[in-house]
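Architecture and fold: a report
The residues making up each chain are set out below.
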Amino acid sequence: MRNKIKIGLFLGILFPLTSLAGDFDNVFKLLIQQRVEQSNPKPPADVSAQTTTKKAGVFGSNEELLSNVLLGGSKTKAEEEKMGREVIGSLLSVSPLLMNGDVQTYVNKVGTWVASSLGKEKRRWVFGVVDSPDVNAFSAPGGYVVITRGLYELLENEAELASVLAHEIGHVHKKHHLEIMQKSSVLGLLGNAVAKKVEGKNESKALGFGAEVFARKMDKSAEFEADRMAIVLTARSGYDPFAYFSVLQKISGISKSDSRIALLFDTHPAPDERIEMLSAAMGEKFDDFNGQVVAAAFIKLSKK
Amino acid sequence: MFKIRNALLVLLLLPSLSFAGSISSMLRDDSLYSSASSTSTKKLLIKKSSSIEVLGKSGGWINVKYAGQIGWVRLLSVKSVPASSNSDLSGVLALKNREPSKVVAVAGLRGINSEELKSAEVSYLELDRLEKLRAIKGEAVYAAKLKNLKSDLTIDFLEEPVPVSNVDNKQYEGSSDSLWGF
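Scope of this entry: the structure provided in the associated data block.

About the criteria used
- Residues numbered from 1 in each chain as written.
- Chains lettered and ligands numbered in written order.
- Predicted model: local features only at pLDDT ≥ 70, side-chain atom pairs only at ≥ 80, totals over all residues.
- Heavy atoms only, no water.
- Helix = DSSP H or I, 4+ residues; strand = E, 2+ residues; numbered from the N terminus.
- Contact = heavy atoms within 4.5 Å.
- Areas by Shrake-Rupley, 256 points an atom, 1.4 Å probe, with all protein chains shown as cover.
- Buried < 20%, exposed > 50% of the residue type's maximum accessible area, 1.4 Å probe, protein only.
- Arc of directions from axis to C-beta.
- Pairing = 2+ DSSP bridges.
- Axes fitted to C-alpha atoms, helices over the stretch in contact; angles between N-to-C directions.
- Parallel < 35°, antiparallel > 145°, perpendicular 65-115°, else oblique.
- Left-handed = near helix turned anticlockwise from the far one by under 90°.
- Nonpolar A, V, L, I, M, F, W, Y, C, P; charged D, E, K, R; others polar.
- Salt bridge = Lys/Arg side-chain N within 4 Å of Asp/Glu carboxyl O.

**Considerations on the overall build of chain B**
Along its length, chain B carries four helices and six strands. Going from the N terminus to the C terminus, chain B shows its helices and strands as α-β-β-β-β-β-β-α-α-α. Taking all contacts inside chain B whose residues are at least 6 apart in sequence as the whole, residues at least 24 apart take part in 50%. For chain B, the accessible area works out to roughly 10700 Å², and carbon and sulfur atoms hold 56% of it.

**Some thoughts on helix α3 (residues 124–131) of chain B**
Considered for burial, the residues of α3(B) that qualify are Glu126(B), Leu127(B), Leu130(B) and Glu131(B). Down the axis of α3(B), the buried side of the element spans an arc of 140°, and every buried residue falls inside it. Next to the buried residues of α3(B) lie α5 (77–94), β1 (126–130) and β3 (144–148) of chain A.

**A few points about the pairing of strand β4 (residues 51–58) of chain B**
All names here are of chain B. By the bridge criterion, three bridges tie strand β1 (residues 23–25) to β4 in an arrangement that is antiparallel. What sits directly across from Ser-25, in β4, is Ser-51. In this antiparallel pair of consecutive strands, β4 and strand β5 (residues 61–66), the connection spans two residues, and Gly-59 shows a positive phi of 55°.

**Looking at the packing of helix α6 (residues 101–115) of chain A against helix α8 (residues 158–173) of chain A**
All names here are of chain A. The interhelical angle for the contact between α6 and α8, taken along N-to-C directions, is 60°, at an axis separation of 9 Å. By the angle class used here, α6 and α8 are oblique. Here the hand of the crossing between α6 and α8 comes out right-handed. Contacts between α6 and α8 involve Tyr-106, Val-107, Val-110, Gly-111, Val-114 and Ala-115 from the first element and Glu-158, Leu-161, Ala-162, Leu-165, Ala-166 and Ile-169 from the second. When its residues are assigned to classes, the contact of α6 with α8 shows 10 nonpolar, one polar and one charged.

**A few points about the pattern of salt bridges**
In this structure the tally under the stated criterion is 18 salt bridges over all chains. One salt bridge connects Arg123(A) with Glu80(A), and the closest N-O pair in it is separated by 2.6 Å. Linking Arg123(A) in the loop between α6 and β1 with Glu80(A) in helix α5, this pair joins segments that are 43 residues apart in sequence. Each member of the pair, Arg123(A) together with Glu80(A), is buried. Linked through salt bridges whose partners overlap, the residues forming this network are Glu284(A), Asp287(A), Asp30(B) and Arg74(B).

**Focus on unusual backbone geometry**
Residue Lys175(A) is not a glycine yet carries a positive backbone phi of 60°. Mapped onto the elements of the fold, Lys175(A) is located in the loop between α8 and α9 (176–199).

**Re the packing of α6(A) against helix α4 (residues 137–146) of chain B**
Closest axis-to-axis distance for the α6(A)/α4(B) pair is 8 Å, and the angle between their directions is 90°. Considering their axes alone, α6(A) and α4(B) lie roughly perpendicular with respect to each other. Here Lys109(A), Thr112(A) and Trp113(A) of α6(A) come into contact with α4(B), specifically with Lys137(B), Glu139(B), Ala140(B), Val141(B), Ala143(B) and Ala144(B). Looking at the contact of α6(A) with α4(B) residue by residue, the class counts come to five nonpolar, one polar and three charged.

Next comes the structure, spelled out in structure tokens:
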């Protein structure tokens, strides 16, 4: 009975995602069969085929992962923070923090100030600048936000910095990462099931989440939503919200053949498209808004 | 007094001088205002796609010259102005037919690529460094006050706009191994 309820729940959660994943009916059947077999293990006919079925990932076993990730939306802040540590910690092994205490302290004060404009949000935020020439910024569940040195070097004032951090804060606040992790998990499981069938392997791959979450695509709507959050949080913090347009325009002005920007262009809507969407959302709301640019206090990083 | 005002205006425009004098075009029909405010006098209407000379920027407004007249148009009505100061992200080779997953910056500096990310282990040393950077909220608020920044939580969040031309909600066409960030 309990298994039937579990299967029902599982199907209920997968159903809305079928439009993303295409026709996976057969794979669903395989997955359900796999779940039933895991719940009612049979003695293996061949001991050599009994390979790892419960490999520890971020959440422990695959059983835990299925309930924690696929049945997403109910994670506590502590769970989110744990996931975020794994993700951002992996990124930091690829691109370590910039050795500049003044800039790191400064970015944390600005970021914390901007995050406070969410209002009731009680997340513990931490910000950092990573020593990479890439032009990009990243965030992870739990309140982790990093900006690359390459992007920081393009900035000319504190309002621009605040707007970039606000965009990432928006991703975290709206839980876009968790969404993509859930989708990726489903697709990953489906992929495993297919591989298992094709290759005849009796192996269940654990799905840990590291920095590879940054290698996932996501819907444009999430980027546009984070852009709208960036405008509002920047304005709520007293900065000129149009500073965000300056950043987008700078990115737009960089040659697409420049390798430091190539990855960002590959994964994001074109800056002009983002500007157009923002423009439509803003209308004339901020035309007479008197925000600050804060150029004098901005700690400028010169190009290496 | 007039001179002081002009000097202040110049100071205000300084950060934007990188694109001053460049030519841009209008994204839509919009008015040329006498000053950077929607309550100021409308001088004339500039039609969509018209060429304008960009003189400076202030907040959400662009100072432009059009048909011999100088005035202000909404920033959102003007096509992106390439930031000339940033056109020289030099020292990096332009890679033709690049493979995003294999792209790394040259000049001895390592870029972030997705292959590395996928196999990356957690760096607890760096993670501890990051955790120690957390600012105390009181310090952040104090620093903001010193800059005369005022919080205003009454500003409403923006609604999703009605879909505009050629914008869909598909996933990106780029590589599935592409980075996801800003």
